[in-house]
Amino acid sequence: MKTKGQTIPSLLLIAGILLFGGLMQTRADTVATTTVYTGAIAGGYLGTVTLSAAIFDASSGLPTGAGTAVHFSLRQPGAGQPELQGCSGTVDASGHASCSLQIQQPAGTYAIVATELGDEHYMSSSASASFTVSADSTSLAYTGPSLIGNGLPLTVAAQLTDRFTGTPISGEVISFSLGAQGCSGTTDGTGVASCTIASVSQPLGPASITASFAGNGYYPANSTTSSVVVFSPYTAQIQQPINPDGTSVFNVRRGVVPVKFTLTQNGVATCALPPATIAVTRTAGGTTGAIDEAVYTGPADSGSNFRIDSCQYVFNLSASALGVGTYRIDILINGQLVGSASFQLK
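Since the structure is predicted, the reported quantities are computational estimates derived from the model, not experimental observations. (Residues numbered from 1 in each chain as written. Predicted model: local features only at pLDDT ≥ 70, side-chain atom pairs only at ≥ 80, totals over all residues. Heavy atoms only, no water.)

Considering the side chain of Asn150
Then, in step 1: Along the polypeptide, Asn150 turns up in the loop between strand E10 (147-149) and strand E11 (154-162).
Then, in step 2: On the basis of relative accessible area, Asn150 is assigned to the buried category, the value being 3%.
Then, in step 3: Looking at Asn150, its side chain comes within polar contact range of the main-chain oxygen of Gln202, at 2.8 Å.
Then, in step 4: What Asn150 contacts, discounting residues up to four positions off in sequence, is Val200, Ser201, Gln202, Leu204, Val230, Phe231, Pro233, Tyr234, Asn334 and Gln336. (Helix = DSSP H or I, 4+ residues; strand = E, 2+ residues; numbered from the N terminus. Buried < 20%, exposed > 50% of the residue type's maximum accessible area, 1.4 Å probe, protein only. Polar contact = N/O pair within 3.5 Å; in protein donor to acceptor, adjacent residues only side chain to side chain. Contact = heavy atoms within 4.5 Å.)

What follows is the structure, encoded as structure tokens:
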């Protein structure tokens, strides 16, 4: 007859054998899997891609793993790299799992690692593939004025947006060029950058403004060119003693001929007179052509520069130095003709 002390060890031994057998049976029932990556291997910054994988029974080669999770991890190439971003999907009855991922990384080469996480029925397995991120396309539109007043400040602007989503892109520098002049600004929350050219100095007529974005790892370089017209906003009107119809005749021995102009800006009289210069041309009598400023300047003059007095441009021409003839006088602002008049010396 067995004692109580002998019975307990016997029961424990039997229980241990049964537990070990159960564990061995569970391990034998766990299916080894093979993961094959089948998803996208390239995408653009801010683009959405589908990452997918197929799970197979490592022994039979048949699809398996239904109901288990597969995690997709985007990371730098090389072993042991941390995940940059990722997503997960569930294996369906055909052995496939997928998820969507919006790319948030700059252009470059990365790795996609697909890991079947396994459970009590399936062993974990993984696969990797190279993944290329390209810079996102942009749209750049000039939004500044197309009519540009010469000699005036010019504020230019452009908007930078994501070409695919239309989302404004902020914090990027846009450079503007008008001939040899230019400026730059940084895009705000609406994707708009603006800056001001202090004083436009360009030939009159058709011209172009270029807005340029240098690009970076997220967005490629972009530029746009827009046609504009440079015009003179100023018109100068001759004042007495010179008649506007060209009929004035002065004695060559009178000493000086006062040349006076008033100015309008966009058709409105103004006393905000920018610097202006005079040019004198003999059109008849003696040798015709442009007259050197050294010939006609007087003590009150400063080279070919007009003085500004009482809301007028004033220049005293030395009549005796010019001599007999017919003369045309031109007034120029920023090198552009804004007015003229004619008179005779006899």
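What follows picks up the thread again.
Comments concerning the confidence of the model for the protein
Then, in step 1: Averaged over all residues, the pLDDT of the protein equals 90, while 92% of them reach at least 70.
Then, in step 2: Counting interchain partners and residues more than four positions distant, the pLDDT-below-50 stretch residues 11-15 has zero contacts. (pLDDT = per-residue confidence, 0-100.)

A look at the nonpolar core
Then, in step 1: Core analysis: the biggest nonpolar cluster contains 31 residues, and Val259, Leu317 and Ile329 have the highest contact counts within it.
Then, in step 2: Residue assignment for this core shows that the elements contributing at least two residues are strand E17 (234-239), strand E19 (256-265), strand E21 (277-284), strand E24 (312-318), helix H3 (319-322), strand E25 (325-333) and strand E26 (336-345).
Then, in step 3: What Val259 contacts, discounting residues up to four positions off in sequence, is Ile238, Ile242, Ile278, Phe306, Tyr313, Val314, Phe315, Leu317 and Ile329.
Then, in step 4: Cys183, Ile197, Phe213 and Val230 belong to the second-largest nonpolar core, a separate cluster that totals 23 residues. (Core = buried A, V, L, I, M, F, W, Y, C linked by side-chain atoms within 4.5 Å.)

Examining the packing of aromatic side chains
Then, in step 1: Counted under the stated rule, the structure contains nine aromatic pairs.
Then, in step 2: An aromatic cluster is built from Phe261, Tyr296, Phe306, Tyr313 and Phe315, whose rings are joined through pairwise contacts. (Phe/Tyr/Trp six-rings, centres within 6.5 Å; stacked < 30°, edge-to-face > 60°.)

A word on the state of the cysteines
Then, in step 1: Enumeration over the complete set of coordinates arrives at three disulfides.
Then, in step 2: Each sulfur of the disulfide joining Cys271 and Cys311 lies 1.7 Å from the other. Residues Cys271 and Cys311 share a disulfide whose torsion about the S-S bond is about -105°; that sign makes it left-handed. Of the two residues, Cys271 is situated in the loop between strand E20 (268-269) and E21 and Cys311 in the loop between strand E23 (307-309) and E24; the sequence distance between them amounts to 40 residues.
Then, in step 3: Classification of Cys271 by relative accessible area gives exposed; the value is 57%.
Then, in step 4: In the protein, the bonded cysteines, taken in the order they occur along the sequence, pair up as 1-2, 3-4, 5-6. (Disulfide = S-S within 2.5 Å.)

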